[in-house]
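Fold and contact review
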Amino acid sequence: MHSFTSADAVFFDLDDTLYDQLLPFEKALINQQIELEISQIVPFYKQVRYYSDLLWKLHVKGSLNLEELRIERLTSACKDFGIVLSKEKAIAIQERYEYEQKIITPFSEIPSLLKSLQDKGKVVGVITNGPVAHQMKKLIALGIDRIIPDERIFISDGIGIAKPDKRVFEYVQTKLNLTPSKCLYIGDTWENDIVPPIEAGWKCIWFNHRKRKPQTHHLPNETVTEIEQLLQLK
């Protein structure tokens with residue numbers, strides 16, 4: 001990954017990139033006694049993320065509010081796994097999930113990686129989908145807000161554009177006066193974190209620790225499956 005030393009700016013996705021999003025989700029399922037085999041937890045989580053990304057497009061268009069999205073992504077995933085989930089139960093899972101997200105911690109290597117990149121003079125930031133207050137609470141819990149300044153944190157509801165729209169990345173490069181070919185993005189999902197930065201002319205690294213499959217012809221500059229591999233960016 002030595003070729004990425006030429007990047008002037010490095011931006012990260014938030015959820016499941018800076019921290020393990022599966023942990024608070026799994027704790028919420030256990031708390032609400034959702035009956036899944038241990039081997040089903042990761043596939044179920046991936047399915048919830050799949051529906052979340054799918055439904056987010058409807059949310060952005062204004063045809064689905066946030067509460068409806070959160071209920072639908074859980075009930076749809078449960079249906080795929082043969083579980084009948086009531087609206088009330090879905091709300092209870094979401095509430096517990098939000099509680100667990102207040103006490104999340106970053107992947108242990110992340111704080112030192114961010115600081116190292118900054119020490120090398122790179123612009124370091126976050127680009128994430130979601131409600132501003134909700135995502136900022138996570139960044140505060142992770143301590144990322146003490147490393148990355150507010151003006152380099154871009155949240156979809158705050159800028160009015162959401163991934164996978166490539167205009168998110170064009171907005172960021174314009175706002176910070178950056179050259180696209182000198183920008184690098186790191187994220188975990190194909191549709192949101194690989195396709196749009198490539199379309200915007202950015203470099204990208206696929207942090208594929210969930211072992212997903214590529215969905216299009218786009219080619220990330222690198223694919224890593226372990227957080228330790230990102231340390232090579234130093």
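Now for a look at the structure at hand. Every value quoted in this text rests on a predicted model; they were computed, and no experiment measured them. (Residues numbered from 1 in each chain as written. Predicted model: local features only at pLDDT ≥ 70, side-chain atom pairs only at ≥ 80, totals over all residues. Heavy atoms only, no water.)

**Focus on the pattern of salt bridges**
- Scanning the entire structure with this criterion turns up 13 salt bridges.
- Measuring nitrogen to oxygen at the nearest pair gives 3.1 Å for the salt bridge that ties D13 to K163. Of the two residues, D13 sits in the loop between β1 (9–12) and α1 (22–31) while K163 sits in the loop between α7 (156–159) and α8 (167–175), which places them 150 residues apart along the sequence.
- One connected set of salt bridges, linked through shared partners, spans D16, D20, R49, D188, R210 and R212. (Salt bridge = Lys/Arg side-chain N within 4 Å of Asp/Glu carboxyl O. Helix = DSSP H or I, 4+ residues; strand = E, 2+ residues; numbered from the N terminus.)

**Some thoughts on the environment of S116**
- Tracing the backbone shows S116 in helix α5 (residues 110–119).
- The class of S116 is buried, set by a relative accessible area of 16%.
- It is 24 Å that separates the C-alpha atoms of S116 and Q21, two residues lying 95 residues apart in sequence. (Buried < 20%, exposed > 50% of the residue type's maximum accessible area, 1.4 Å probe, protein only.)

**Brief notes about the nonpolar core**
- With 29 residues, the main nonpolar core has F12 and I144 as its most contacted residues.
- At the level of elements, β1, α5, β2 (123–128), α6 (132–142), β3 (153–155), β4 (183–187), β5 (203–207) and α11 (227–230) are the ones that each hand at least two residues to this core.
- Those residues in contact with I144 that lie beyond four places of it in its chain are L18, I110, L114, V126 and L139.
- By size, the runner-up hydrophobic cluster in this structure holds 25 residues, among which are Y51, I71, Y97 and A162. (Core = buried A, V, L, I, M, F, W, Y, C linked by side-chain atoms within 4.5 Å. Contact = heavy atoms within 4.5 Å.)

**Section: the packing of α1 against helix α4 (residues 87–101)**
- Close contact between α1 and α4 brings their axes to 8 Å; oriented N to C, the two are set at 135 degrees. Taken together, the axis directions place α1 and α4 in an arrangement best described as oblique. Between α1 and α4 lies a crossing whose hand is right-handed. Touching P24, F25, K27, A28, L29 and N31 of α1 are I93, R96, Y97, E100 and Q101, all from α4.
- Along the lines of polarity and charge, the residues of the contact of α1 with α4 split into six nonpolar, two polar and three charged. (Axes fitted to C-alpha atoms, helices over the stretch in contact; angles between N-to-C directions. Parallel < 35°, antiparallel > 145°, perpendicular 65-115°, else oblique. Left-handed = near helix turned anticlockwise from the far one by under 90°. Nonpolar A, V, L, I, M, F, W, Y, C, P; charged D, E, K, R; others polar.)

**Structural notes on the pairing of β4**
- Within β4, five of the five residues are buried, which leaves it mostly tucked inside the rest of the structure.
- Residues of β4 alternate between two faces, with C183, Y185 and G187 on one and L184 and I186 on the opposite face, all of them buried.
- Direction of pairing for β1 relative to β4: parallel, over a ladder of four bridges. Looking at β4, one finds that A9 is bridged to C183.
- Sheet topology note: the β4/β5 ladder contains four bridges and is parallel. Residue pairing across strands places I186 opposite I205, the latter belonging to β5. (Pairing = 2+ DSSP bridges.)

**Side note on unusual backbone geometry**
- With omega at 15 degrees, the peptide bond leading from K163 into P164 counts as cis.
- Looking at the element boundaries, P164 is found in the loop between α7 and α8.
- Positive phi is not limited to glycine here, since Q33 has a value of about 55 degrees.
- For Q33, the location among the structural elements is in the loop between α1 and α2 (41–61).
- Of note, K211 is a non-glycine position whose phi angle comes to about 55 degrees, a positive value.
- Turning to its location among the elements, K211 is positioned in the loop between β5 and β6 (222–224).

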